[in-house]
Structures are given as structure tokens and as C-alpha cells.
There are 2 protein chains.
Amino acid sequence: MANLKETIKKIDKIDYSLAEKTQKRLDSLTKPKGSLGKLEELAKQIVEITRHENPLIKNKVIFTMAGDHGITEEGVSAYPKEVTPQMVYNFVRGGAGINVLARHTGARVIVVDMGVACDLEPHQELVIKKVSYGTKNMVKGSAMTREEAIKSVENGIEAFEEEFSSKGIDIVGTGDMGIANTTPSSAIVSIITGKPVEDVTGRGTGIDDKTLLNKVAVIKKVISVNTPDANDGIDILSKVGGFEIGGLAGLILAAAARRVPVIIDGFISGAAALIAFKLEPKVKDYMIAAHSSVEKGHKVTLNFLGLKPLLYFGLRLGEGTGAALGINIVEASIKILTEMATFQSAGVSEQAN
Amino acid sequence: MANLKETIKKIDKIDYSLAEKTQKRLDSLTKPKGSLGKLEELAKQIVEITRHENPLIKNKVIFTMAGDHGITEEGVSAYPKEVTPQMVYNFVRGGAGINVLARHTGARVIVVDMGVACDLEPHQELVIKKVSYGTKNMVKGSAMTREEAIKSVENGIEAFEEEFSSKGIDIVGTGDMGIANTTPSSAIVSIITGKPVEDVTGRGTGIDDKTLLNKVAVIKKVISVNTPDANDGIDILSKVGGFEIGGLAGLILAAAARRVPVIIDGFISGAAALIAFKLEPKVKDYMIAAHSSVEKGHKVTLNFLGLKPLLYFGLRLGEGTGAALGINIVEASIKILTEMATFQSAGVSEQAN
């Protein structure tokens, strides 16, 4: 059984002292100093996180965590909630966007049932960490109990730990699936960043203007009914969160505790990152933001965390699709660090001045 | 022998009529419509370029074209000109940034001597298309003759055609090596876009403030001494260009003539793209800009061509490094188009409205 407090206790600051040494090494490679920009920044961060001079990026793993949301009753999504289990089956069969992009990147996809509202058929690619059969309708009270919130985070930690101990994880990507889950995400982002609901609520899978107005009103009501404590990550998660969001927060904490870099996908993963950050601020430096989502609350989230996204691709699919592309780029940055010739080894003259 | 006029004659408009059909297909895949943003745009463009419903991205090739520049005499670069042949040897031995990133992307690197100022040792990875032993110092007159300018473009076409006929090319990236080659590139960009030299001249490999002032003055002098005709691509190339820039312009034209998508690397490749565009404007739609370079003239170039870069990574290495990353992303976009399940095949409910 995973324990949240013990996991948090294991999270150290990343080793900032390694940045200078790594930059010197990058400067010895056959290229003008700093000329690989973001790739050099990434390589340094990965060394600081892993404390390895030559970090391995062999075991690349994306966790796509799924859960259902009672709030679908309020008409906040463009899709019916049946799509959550249907997409889980699509994931385990390899037909979804995340499967295609994870294969492209050479990453494994671990699909986790954190709280889908039905029993799923067993499948060897599916990990069951179900906390409950979907959250409650949070306009009427808490989405889940405080115990369930802790359990969702601890189940996320467990999912990471099981894969880490059995097959190994060198880098991890976050991914989500859950019809209506931009609604709890917007609520979380509004509460933690202090921004108005209107400024952090978008069209999710593609709702129209009328549905968007309703969504904003629903989220405002959710917050006023539940009055979560902005400084208590578990309180926020239990009152206005979701099981897959709790699971992803746990995944992020577990990765940091094991010194594994975490590539944060889009908006829902960002909300989970905020919960993880509230539970342990040191976790932030283990994060790399894969992309800047179309969801406007995502930019607010990244600014709050001080993360600069790698890609500006107008993505809004979730599942870990942005994380898969991000892992690919991080891997490239480590190959630059470890595979390039030096000025000396290649017999190339150095800069004159 | 390649012929410039014949190559240009073969360049058709891309097939815009395929965009709608391809978007419909993308909309049938298990994801909200448009939710993969830039990846969907890329997939459509590749279909329009190749006229293939399921484009192959198997033979990925980056041409790194090298040339020397007489203008190095004027102290415009941070590196001595010996670095050009030294880096060519680094390329053929696999130790440079482009080798690392091309391996990451699964692309072949074809290194081409377009005009290095010495005889290079033969190597099976090195293609000799040398026009001359470096350009002349263009503050004193034309960088090359008009005949040499045409030959550099035709040699670039030949390099493409030889690889295309022997091993095949499904997608091509441009890359450059040539100490001081941001100087001719800035001159070309200033002339074609009409922007002042100051606005399109940057620090190249990393020159200091004083050297930058000198570089701007040198480029202004180059332009006033040579007075190139802004509407004649060959005149511009011959008076203020470079052999690798001409070669890359030829490469771009040859790719368009064969309906092969071209991933444009950074600033020097951008200058070559401008020359190719002056020779045949239809070539523009075959181009994808890999990234937005640190060189400020690059943004001016992309705006002029109406190209939106894929990546904002602060790169300024050249060699095709950005193109290698760009090809990786284009390949991902085609896998999305061709490998994802449809709503129907996966049994997933479609959007309600």
C-alpha cells in the first residue's frame, strides 16, 4: 500500500549544482555555445532531476488515467459519459491518438481505471486502481470524500511504483481520459490560482457558446456550494476534483520521489500538477510542460507553476498526446548531451574570442 | 546534368482540393474535431503536396550543404574559416548535432561540398558538388559569377535527384554549414524583403557587439557595391550569396518538382528558400518551417514567405538540426492520419451536437 506522507517525505530538491557542470560539458561539444537553446536547457534539467551525468531515457512510460464525473448530469460536455469506457477500450486496443504518438516516441502506455463509472472488461494492458464508480455531482456537495481523495492520490502512487519496480521508468508522461473532466480542472485552477472562473474555463472537447455559459455557471456554483480551502490540496481534490486527477497528482509525486522527470500533458494534467504542487511545492522542478493547450485555463496554470511549454500546437485532446511529443524532444536533448563529439575529439577549432 | 528551367517547369501548385477530404477523414478518428491542432494541419499539407491519401514518410533525408565565404576576410564571424572543412569531417563521421538529431528522427544525412575552400578527403558519406573554392570577398564585387550561381542551384538539384532516384526521398530537410554564412543570408533577406540591414542581421555563431556593428556595416557595403536586382533570384545569389545557399535553393526546387515536402531549417535555409521563391513562387506551399531561429532576420523571412514555424526552441546551430526535429513531428502527424481508429471501428459514440 502506498502512503502519501511517506512519498512526499522522499521528495528532495533537484540538484541545482549540476547545471553549471552540465553547461560546461554542453559547451565542449562541436557547436557554438548555447546554440541548441531549449534542448540544452532540457538536458540540464534532466541531469539535475536524475543526478545522472548520462541520464538514461530508455523506459519511457505514459500513464493515461481514466475516471468519470457526476457533473456530466449538468450538461457541461459535448460527449456522453459512455465515451469514457469506450475510449479506455480504444486505448488498450491501441487505436487512440495516445497509442499512435506513444508508439512514435517508443513509449509504453499504461491505462489506469481510477474511477470509471462501470466495471471494465479485464485486459492485460489495463490497470485497475478504481476508487469508486465516478465522482458525485459536485453541484450538490463534495465530488468525493476526503478518504477517497487520499486514496486516489495513493492509487496513483501505487500505479507508478508497480511499473517502476517491475519494468523500470526513466521518464514519465501524464495523460487523462474522463468525459467532463475540464470542469473539475477549471474549478481546481480557479481555486488555486485565484483567477475568476471565466478566465480559466474553455470549450473542452468543443462545446458551443450556450453550453460554455452553462459550464461557467455550473463551476461557480460548484465552488460556492463546496467552499474548498485553497491551501489544502486534498480538500480541493475531494470537493471539486476527479479520481483521474487525484491519480495523476499521485503519479507526479511518486515520480519526483524516485527522481524521474515528469512530462506534464495538457489542461487536466496541469490541474493535477497544481494539486501535487499544493501537497509538496518541491515537485515543481521535476516537471516539464509538454505544450500550451487551447484551453485558456492551461496558460494560467503554467504561469502559476512557472513552467514554459515546449510546444504551441493548439492541442486539446489530452490522453497524454502532448506528453508523448514532449518525451520525444527530451530524449533528443539527452542524445545531444551524450552522443555529440567534442571540439577536441573531432579536431574542430574553437571560438576565436 | 540538371537544368534549372526544366525543374521549375515541373513544379505544380499543390492540390488544395485534398484538404477538405483529408479533414473529413481526420474528423472520423476517435478524437474531438480539430483537437490535434497543428498535427492535423501538417497531415493535410503533406497530403496536398504528395497527392497521396496515405503518404509514406519512410525515406527521410537531410541535406547538409557546405560552402566557404570570401567575406570571412572582413571579420564577420566568431570562428575561423578552417571550421567549415573540420565540421564537414565531423558530419561524415557522425559526431555533429545534425548527426545526433537525424539518428533520433531516423533520417539519413547527405553531406554535400558545394564550395568548401579546400579539397576534402573522399568519404562515402560525402557528395562533391563543388562549384568553386569558396566565394569571393563580396565587399569587392560579386561573390560569384552568374554562371556559378546557376551551377550552384543546378548542383543542388542534382544532389537531390541522385538520392531520389537511387534510394528514394519521401521528405527532405535542408541544412547548411559555412563559416560566415549568416552574412550573405542577411544580405539576401534584406534585399528580397526590403527590410533594413540592421533588422535582419544577428550574432550568428555568437559575435560580440563590436563585431555585430562591423557585420552590419560590411553587409551595407556589400549591397551598395553590388546593387543586386531584388526581382532576380540568380542576380541576388551571384552578387551576395553563397554556394551552399544556391545548392539549398536548388534542393528546394527539386523537391517541389518531385512533390516531396521540404522542411526548412533556420536562417540560412530561409535565405535559400527566398531565392527558390524568387525563382518560382509556387514552391512556397511545399515548405514547412521547422523552427523560429534566434537570428532576427529569420522571423522576417518566415513572415515574408507566410510560413509559421513549428518550434520555438531558440536554436541557432543550422546544419539541419531544426529540420530533423521538424521531420519527426511531420511523421507523427502522418501516423495520426493513417494509424488512428475511427469512431466506427472503435465503437466510440460521436459528439452529441
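Fair warning: this is a prediction, and the values are worked out from it, not measured in the lab.

A. A look at unusual backbone geometry. Residues and elements named next belong to chain A. Although it is not a glycine, Glu319 adopts a positive phi angle of roughly 70°. By secondary structure assignment, the location of Glu319 is in the loop between α12 (296-305) and α13 (321-339). When its relative accessible area of 1% is taken as the criterion, Glu319 is described as buried.

B. Representation of the sheet that holds strand β4 (residues 171-177) of chain A in the model. Residue and element names in this part refer to chain A. Pairing within the open sheet is parallel, and its 6 strands lie in the order β3-β2-β1-β4-β5-β6. The open sheet has two free edges, formed respectively by β3 (126-128) and β6 (287-289), since each of these has just one partner strand. Neighbour to neighbour, the strand axes of the sheet diverge by 30° on average, direction disregarded. The sheet contact formed by strand β5 (residues 262-264) and β6 spans 3 bridges and is parallel. Its bridge partner lying in β6, Val262 is registered against Met287. Those strands touched by helix α5 (residues 97-105) are β1 (60-67) and β2 (108-115), and its axis lies near 170° from that of β1.

C. Region of interest: the interface of chain B and chain A. With 57 residues of chain B in contact, the opposing surface of chain A contributes 57 residues. Overall, the association of chain B and chain A removes approximately 4500 Å² of surface from exposure, summing both partners, and the carbon and sulfur fraction of that is 60%. Contact with chain A buries surface across chain B, with Tyr79, His104 and Phe313 of chain B losing the most and accounting together for 14% of the total. Across the contact surface, chain B and chain A share 2 salt bridges. Among the salt bridges present, the one from Glu339 of chain A reaches Arg103 of chain B, with a minimum N-O distance of 3.1 Å. Scanning the region where chain B abuts chain A turns up 19 residue pairs in polar contact (both at pLDDT 80 or more). Broken down by element, the residue count for the side of chain B that touches chain A peaks at 9 residues, all from helix α13 (residues 321-339) of chain B. Across the side of chain B that touches chain A, the residue classes tally to 27 nonpolar, 18 polar and 12 charged.

D. Spatial organisation of the environment of Glu162 of chain A. Residues and elements named next belong to chain A. Its location among the elements puts Glu162 in helix α6 (residues 146-166). Judged by relative accessible area, Glu162 falls into the partly exposed class, the value being 42%. Within the structure, Glu162 has its side chain in polar contact with the side chain of Lys129 (distance 2.7 Å).

E. Fine view of the packing of helix α10 (residues 243-257) of chain B against helix α11 (residues 267-279) of chain B. Residue and element names in this part refer to chain B. The N-to-C vectors of α10 and α11 enclose an angle of 60°; their axes lie 8 Å apart at closest approach. The angle between α10 and α11 places the two elements in the oblique class. For the pair α10 and α11, the crossing hand works out as right-handed. Taken together, the residues of α11 that come into contact with α10 (itself represented by Ile245, Leu248, Ala249, Ile252 and Leu253) are Ile268, Ser269, Ala271, Ala272, Ala273, Ile275, Ala276 and Leu279. Partitioning the contact of α10 with α11 into residue classes produces 12 nonpolar, 1 polar and no charged.

F. Spotlight on the packing of aromatic side chains. Overall, the coordinates contain 7 aromatic pairs over all chains when judged by the stated rule. With 6.1 Å between their ring centres and 90° between their planes, Phe277 of chain A and Phe304 of chain A make a pair best called edge-to-face. You can see Phe277 of chain A sitting in helix α11 (residues 267-279) and its partner Phe304 of chain A sitting in helix α12, a full 27 residues away along the chain. Ring plane angle 85° and centroid distance 6.1 Å describe the contact between Tyr312 of chain A and Tyr312 of chain B, whose orientation is recorded as edge-to-face. Here Tyr312 of chain B lies in the loop between α12 (296-305) and α13 and Tyr312 of chain A lies in the loop between α12 and α13, a pairing that spans two chains. Look at Tyr312 of chain A and you get partly exposed, because its relative accessible area is 46%.

G. Highlighting the relation of the copies chain B and chain A. In screw terms, the move from chain B to chain A is a rotation of 180° and a rise of 0.0 Å along the axis, fitting with an RMSD of 0.0 Å. In symmetry terms, the pair is related by a two-fold rotation axis. Considering only C-alpha atoms, the residue of chain B closest to the rotation axis is Leu311 of chain B, which sits at 3.3 Å. Comparing contact sets, 100% of the residues at the interface of chain B also lie at the interface in chain A, consistent with an isologous, same-surface contact.

H. Just the sheet that holds strand β5 (residues 262-264) of chain B, in detail. Residue and element names in this part refer to chain B. The strand order across the open sheet built from 6 strands is β3-β2-β1-β4-β5-β6, with neighbouring strands paired in parallel fashion. Each edge of the sheet is formed by a strand with only one pairing partner; in this case those strands are β3 (126-128) and β6 (287-289). Neighbouring strand axes in the sheet, compared pairwise and without regard to direction, differ in orientation by 30° on average. Bridge count for strand β1 (residues 60-67) against strand β2 (residues 108-115) is 7 bridges, and the pairing is parallel. Across the sheet, residue Val61 finds its bridge partner in β2, namely Arg108.

Scoring rules and cut-offs
Think of each chain on its own: its residues are numbered from 1, step by step along the sequence as written. Chains and ligands are labelled by the order in which they are written, letters from A for the one and numbers from 1 for the other. Per-residue local features of the predicted model are confined to residues with pLDDT of at least 70, and side-chain atom pairs are confined, for both listing and counting, to 80 or more; whole-chain, interface and lining totals are unaffected and use all residues. Only heavy atoms go into the side-chain values, all of them from the structure, while hydrogens and water stay out. The secondary structure listing takes helices from DSSP runs of H or I that are at least 4 residues long and strands from runs of E that are at least 2 residues long, numbered from the N terminus. Relative accessible area decides the class of each residue, using a 1.4 Å probe on protein chains only: under 20% of the type maximum gives buried, over 50% gives exposed, and in between gives partly exposed. Strand pairing is assigned whenever DSSP detects at least two bridges linking the two strands. A fitted line through C-alpha atoms serves as each axis, taken over the contacting stretch for helices, and the angle formed by two N-to-C directions is quoted from 0 to 180°. Contact criterion: two residues are considered in contact whenever any of their non-hydrogen atoms come within 4.5 Å of each other. Summed over both partners, the accessible area (1.4 Å probe) lost when two parts come together is defined as the buried area. For salt bridges, the criterion is a side-chain nitrogen of Lys or Arg within 4 Å of an Asp or Glu carboxyl oxygen. Counted as a polar contact is a pair of N or O atoms within 3.5 Å, where, for protein atoms, one must be capable of donating a hydrogen and the other of accepting one, and residues adjacent in sequence contribute only when both atoms are in side chains. All residues other than Ala, Val, Leu, Ile, Met, Phe, Trp, Tyr, Cys, Pro, Asp, Glu, Lys and Arg, Gly among them, are scored as polar; the first ten of these are nonpolar and the last four charged. Oblique is the label for any angle not covered by the other classes, which are roughly parallel (under 35 degrees), roughly antiparallel (over 145) and roughly perpendicular (65 to 115). A crossing counts as left-handed when the near helix is turned anticlockwise from the far one by less than a right angle, and as right-handed when that turn is clockwise. For this analysis, a ring pair means two rings from Phe, Tyr or Trp (six-membered ring only for Trp) whose centres lie within 6.5 Å, classed as stacked if their planes differ by under 30 degrees, edge-to-face if by over 60, and tilted for the remaining angles. A least-squares superposition brings the copies together, and it is based on the C-alpha atoms of residues with pLDDT no lower than 70 in both.

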